[in-house]
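Fold and contact review
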Amino acid sequence: MGHQIFRTSRRLFEQLARRQPLVLVLEDWHWADESSADLLKHLLGLTAKVPILFLLANRPESQGAAMAVRQALASEAQLVHRHRSIDLMPLPPAASRELMDRLLDGGHLPPDLEEKLLQRVAGNPFYLGELVRMLMSTHAIVRDSQTGAWHGTGQLLALPLPDTVEGVILARVDRLEDTAKQLLKAASVVGRIFLYRVLAAIAHEQDELDVDIGKLKAAALVQARHSTPELELMFRHPLIQQATYGSLLTDQRQRLHRQVGECIECLFADRLEEFYSVLAHHYAEAQEWEKAQQYLFKAGDQAARIAADAEALDHYQKALAVAAASANSLVPLERAELDIRIGEALFRLGRHEAGLKHVLAALPTLGITFPVKESDINKAIALKYVARGKRRILRIAAKRLAVAEPTVDTDVHSLVCRALEVIGTIDFYRTPARFLLGVLTLLEFTESQPLRREYVIATAALAAAYDSVGYYRMAASLHKKAVRLAADLNDDMASGMTYLAKGMREYCFGNWSGAAESYTKSMEHFHAAGHLRYRATAMWTRRSVLLSKGDPAWMQRLAEDAQAAMEAQDDHEKAWAMNFTGSCHLYCRDFGAGALAFEQACVILEGIPDYWLLVYVLAAWSVCLVHERQHAKALDLLARSDILVSTYRIGGICATHARLKAADAYLHLLEHAQDSSVAELSQSSRKLPMPRMHNLNTVVHIWALTASQKMDPVQTLAFERSCKL
């Protein structure tokens, strides 16, 4: 959802600005949430393409949304010279006198009193306005009806001038009639903006309420915001609400928060989902911990559904804080669910390591142990296979004896599936062994219900895992099973995943027509499911098929697809886009631009991390560097690629293209290096580990890649030999 929002918003404002110059004014930006700040940072790049102007009004704060935007403007090269900050300085004395004259309706104060007020407010226009209103409302200054001039009274001598604007506000509030004062305090608990209905429910009878609201309007403390679909009011300035709220005693504040929460529940029972975060706030302030926790969960889930993942994370973390503050702590299953929700939010925000930590912490409560050490992971995998065999035997026996399947705890089952989805998506690119363990665990929980999405996806994932370690025959059987089950289930996500895994296998075995067809079907199913990231994965890997095939169509719409990847604000899509941009430059022999694109792709992939694609990009980058005569750096990149292959045990079809590209790089080194270094480079190329590949299709891949690089027959022969090392 988040990627669709980012992409759609960018395209919307781009098209509007192409029709006519566009100005977007964002007031009170210091109140913006993190998701809004992320969206704005994504949109700022439009200033380099279309006539669009962003105007932001905010306080000079050192954190929050305002600071996030300032940091983005300072760090983005294309934005550094496209923005200007205008600091609003204190009003000079002449402007302050002009403002004072307007507040006094053209009259003038005595010079000594005027000078005293100007020194006190120090050029703060809001402070000046509040101070003058206070003096007028207390009759400390009065106007001569004949001359129109203002002068001080005896009340002025007895009235101390507050040192702060908050002090001025509270002095004005204290002079209100008691009913109006209590109404204002109740409104400050509701918030800066408050509905008339809510205020009426906690404050007064109708007639008295209207009178007191009129008094607050006359005192310039509140004002109407709009009257339809129902009357809504607001404090004239945030400081008025903050100062009034701060004057409340703790027990009074808690009582009012509880009343507001109960009123909202009663008045808006038919659309309560609109108020989840508001209710969570009021019940937390009232120290009604159980209800606060309940609404924080709901608010977090709601934010996650609309891709406001930063806000979802904030709600979930507040729920943890509420649980710690209350006597009724979370039961283990609730805590596990909360950890999974936090992990999912962190994962969608791209904070994979932190997300993985939370999700892994939830597994012991769900009866799952995930080891960390490689030796322990391998032992766990072996035990899973033993247990899987036992379950098959027991199921056969149960069918013959007509024994019912054991019941499944649906709550635990659902949590396990969600947790393993996050872990699997992360481990697929970085820890193949633990990815396999996660797949086997998911199958263990879902195999009693083969027509469930999770089981079908786990079957396809197991097929991909077998392909990655070279168990091709076992993988082929599982691919067929996954496609059949997905068709029976009629689920777009499941079908998209099965065809994605199947396409990867066909691609690496040289069945380009079959791979292109599978990837096309995968794209169609992911599009129907509304999953932009997975659709993009299928689309970019389909482009790889065309590249290997030597079909120039792989370059068609490359710029448009790369632009769409940048608009989606997804790191994986960006990395794919930069990889193919680099490949395009390499094909066109623009090696400097290719090296730059591959370097940018590497930075993104290391951040995810995605080691499978990274080893390929490192090798492709080294090819560009060889042509740029940067042989030492090219060797360093190839060494990094080899270390990643060894460290993360990247093999099978997952390593095919990376190792072929590495062999290609070594051949270019042999061709371009000086005679003194040929022996050393040749020795390095002979040490290059190669994955297990189907022999016939290895030759086909070699032919396609050498053709795309325009190699002559001698180079092609050398390339074949290097691939057979």
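Preceding block: the structure.
Below is a summary of the structure that appears in this document. Predicted model, so just to flag it, every value in this text is computed and none were measured.

1. Some points on the overall build of the protein chain
The number of helices and strands found in the protein chain is 35 helices and 7 strands. Buried residues in the protein chain amount to 51% of all 725 residues. Relative to all contacts within the protein chain whose residues are 6 or more apart in sequence, the contacts with residues 24 or more apart total 65%.

2. Looking at the packing of helix α25 (residues 512-529) against helix α26 (residues 532-549)
Packed helix pairs are specified by the crossing angle of their axes together with the interaxial distance, meaning the distance between the axes. Closest axis-to-axis distance for the α25/α26 pair is 8 Å, and the angle between their directions is 160°. Comparing their axes, α26 and α25 come out roughly antiparallel. The element α25 and its partner α26 pack so that their crossing is left-handed. Of the residues in α26, those touching α25 at Trp-512, Ala-515, Ala-516, Tyr-519, Thr-520, Ser-522, Met-523, Phe-526 and His-527 are Tyr-534, Arg-535, Ala-538, Met-539, Thr-541, Arg-542, Val-545, Ser-548 and Lys-549. Residues of the contact of α25 with α26, tallied by class, amount to 10 nonpolar, 5 polar and 3 charged.

3. Some words on the sheet that holds strand β7 (residues 232-235)
Sheet architecture is open: 3 strands sit in the order β5-β7-β6, paired in antiparallel fashion. Because the sheet does not close on itself, it has two edges, and the strands there are β5 (193-195) and β6 (222-226). In this sheet, neighbouring strand axes are inclined to one another by 35° on average, regardless of whether the strands run parallel or antiparallel. Bridging between β6 and β7 involves 4 bridges; their strand directions are antiparallel. Bridge pairing links His-226 to Glu-232 in β7.

4. Re the nonpolar core
Within soluble globular proteins, side chains that are nonpolar generally end up buried alongside one another. Grouped together as the largest cluster of nonpolar side chains are 109 residues, with contacts concentrated most on Leu-462, Trp-540, Val-617 and Trp-621. Residue contributions to this core peak at 15 residues, all from helix α30 (residues 611-627). If near-sequence neighbours (up to four positions away) are discounted, Trp-621 is found in contact with Ala-595, Phe-598, Glu-599, Cys-602, Lys-633 and Leu-637. With 82 residues, the next largest nonpolar core counts Ala-243, Phe-268, Ala-304 and Leu-313 among its residues.

5. Here's the deal with the packing of aromatic side chains
Under the criterion given, the structure shown has 14 aromatic pairs. Considering the side-chain rings of Phe-268 and Phe-275, the 4.6 Å spacing of their centres and the 25° angle between planes classify their relative orientation as stacked. Classification of Phe-268 as buried rests on a relative accessible area of 1%. For Phe-275, a relative accessible area of 13% corresponds to the buried category.

6. Concerning the pairing of β7
Burial along β7 is two-sided: the face carrying Glu-232 and Met-234 and the face carrying Leu-233 and Phe-235 are both buried. In this structure, the hairpin formed by β6 and β7 is closed by a connection of 5 residues.

7. Here's the deal with the environment of Asp-492
Note on placement: Asp-492 falls in helix α24 (residues 492-508). Exposure remark for Asp-492: the relative accessible area of 31% places this residue in the partly exposed category. Taking C-alpha positions, Asp-492 is 8.5 Å from Glu-524, a pair spaced 32 residues apart along the chain. When residues no more than four places from it in sequence are discounted, the contact partners of Asp-492 are His-525, Ala-528 and Ala-529. In terms of polar contacts, Asp-492 uses its side chain to reach the side chain of His-525, at 2.9 Å.

8. Regarding helix α5 (residues 111-121)
Within the span of α5, buried status applies to Leu-113, Glu-114, Leu-117, Leu-118 and Val-121. Seen along its axis, α5 keeps its buried residues to an arc of 135°; they face one direction. Exposed positions of α5 whose direction lies more than 90 degrees from the buried face are Pro-111, Asp-112 and Gln-119. A positive phi of about 50° marks Ala-122, the residue just after α5.

Procedures and definitions
- Residues numbered from 1 in each chain as written.
- Predicted model: local features only at pLDDT ≥ 70, side-chain atom pairs only at ≥ 80, totals over all residues.
- Heavy atoms only, no water.
- Helix = DSSP H or I, 4+ residues; strand = E, 2+ residues; numbered from the N terminus.
- Buried < 20%, exposed > 50% of the residue type's maximum accessible area, 1.4 Å probe, protein only.
- Contact = heavy atoms within 4.5 Å.
- Axes fitted to C-alpha atoms, helices over the stretch in contact; angles between N-to-C directions.
- Parallel < 35°, antiparallel > 145°, perpendicular 65-115°, else oblique.
- Left-handed = near helix turned anticlockwise from the far one by under 90°.
- Nonpolar A, V, L, I, M, F, W, Y, C, P; charged D, E, K, R; others polar.
- Pairing = 2+ DSSP bridges.
- Core = buried A, V, L, I, M, F, W, Y, C linked by side-chain atoms within 4.5 Å.
- Phe/Tyr/Trp six-rings, centres within 6.5 Å; stacked < 30°, edge-to-face > 60°.
- Polar contact = N/O pair within 3.5 Å; in protein donor to acceptor, adjacent residues only side chain to side chain.
- Arc of directions from axis to C-beta.

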